[in-house]
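# Close look at the chain arrangement
Residue-level listing of the chains:
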Amino acid sequence: MSDLCVAITGGIGSGKSVVNRVLRLMGYPVYDSDEHAKLLMSYDPEVRSALSTAFGETMLTSHGIDNNALASLVFADKLALSQLNAIVHPAVLKDFLSWRSCQHGLCFIETALLHESGLDKVVERAWYVEAPLETRVSRVMKRNGVAREQVLERIKVQTVGYTDYHCPVDVLTNDDATALIPQIIKLIEKSEL
């Protein structure tokens, strides 16, 4: 089998992280772009400097980034979100490409913003995880301890869809009624052909 990287993507609360965990349990390497973005924002000197310039030093702490303050700012201000993405997306792309160069066989990347980050141009396939709106809202409220209005605002800001991707797309249904693991196994078999 040749080297192949598949993106796991979808909107907030769709269940990307569940797919990520299943794949890791199955022994596949998965690059978690949110996790790496947080590490880069906390420890990469160039990224920290750019964040400080764009948003002020109050966003930086001795232990990294004030994620709550930054999230509150960017989800309320489209310009701030664009500035954040312009800083973080290139850093994540560079970090991912370095990680991927060390992988052999089938590997994965979990990312909410596949097209916006340009990652759809460097993967061979995408798995789009979808779930009903109310299921997504409920999951995020429970997971993050935030109000319904905040979740709906984040869903509105996050422009996730797969019609513009530069790679082929398969859809996984994660609606708490359809079995997810058989869908994952079927797509792995398709990817390994």
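Further up the page is the structure itself.
Right, let's walk through the structure included here. What you see is a predicted model; the values in this text were computed from it and never measured. (Residues numbered from 1 in each chain as written. Predicted model: local features only at pLDDT ≥ 70, side-chain atom pairs only at ≥ 80, totals over all residues. Heavy atoms only, no water.)

### Quick look at unusual backbone geometry
With phi around 70°, Asp176 is a residue other than glycine that occupies positive phi space. The residue Asp176 is located in the loop between β7 (169–173) and α8 (180–191) in this model. (Helix = DSSP H or I, 4+ residues; strand = E, 2+ residues; numbered from the N terminus.)

### Here's the deal with the packing of helix α1 (residues 16–25) against α8
Packing of α1 against α8 brings their axes to within 11 Å, and their N-to-C directions diverge by 65°. The two elements α1 and α8 cross, and the hand of that crossing is right-handed. Here Val18, Val19, Val22 and Leu23 of α1 come into contact with α8, specifically with Leu180, Ile181, Ile184 and Ile188. For the contact of α1 with α8, the residue count by class is eight nonpolar, no polar and no charged. (Axes fitted to C-alpha atoms, helices over the stretch in contact; angles between N-to-C directions. Left-handed = near helix turned anticlockwise from the far one by under 90°. Contact = heavy atoms within 4.5 Å. Nonpolar A, V, L, I, M, F, W, Y, C, P; charged D, E, K, R; others polar.)

### What about the state of the cysteines?
Under the definition given, this model contains zero disulfides. Unpaired in this structure, Cys5 has its nearest cysteine sulfur neighbour in Cys107, at a distance of 3.4 Å. For the unlinked cysteine Cys102, the closest cysteine sulfur is that of Cys107, found at 11 Å. Residue Cys102 is classed as exposed on the basis of its relative accessible area, which comes to 56%. (Disulfide = S-S within 2.5 Å. Buried < 20%, exposed > 50% of the residue type's maximum accessible area, 1.4 Å probe, protein only.)

### Some details on the side chain of Arg100
Here Arg100 shows up in helix α5 (residues 78–100). Of the polar contacts made by the side chain of Arg100, one reaches the backbone oxygen of Val122; its length is 2.5 Å. The contacts of Arg100, once residues within four sequence positions are left out, are Asp3, Leu4, Cys5, Cys107, Val122, Val123 and Glu124. (Polar contact = N/O pair within 3.5 Å; in protein donor to acceptor, adjacent residues only side chain to side chain.)

### What to know about the sheet that holds strand β5 (residues 106–110)
One open sheet accounts for five strands, arranged β2-β5-β1-β6-β7; its pairing is parallel. If you trace the sheet from one side to the other, it starts and ends with β2 (30–32) and β7, each paired once. Taken pair by pair, the neighbouring strands of this sheet meet at an average axis angle of 20°, ignoring direction. Two strands pair when backbone bridges link them, and β2 and β5 are joined in this way by three bridges, in the parallel orientation. (Pairing = 2+ DSSP bridges.)

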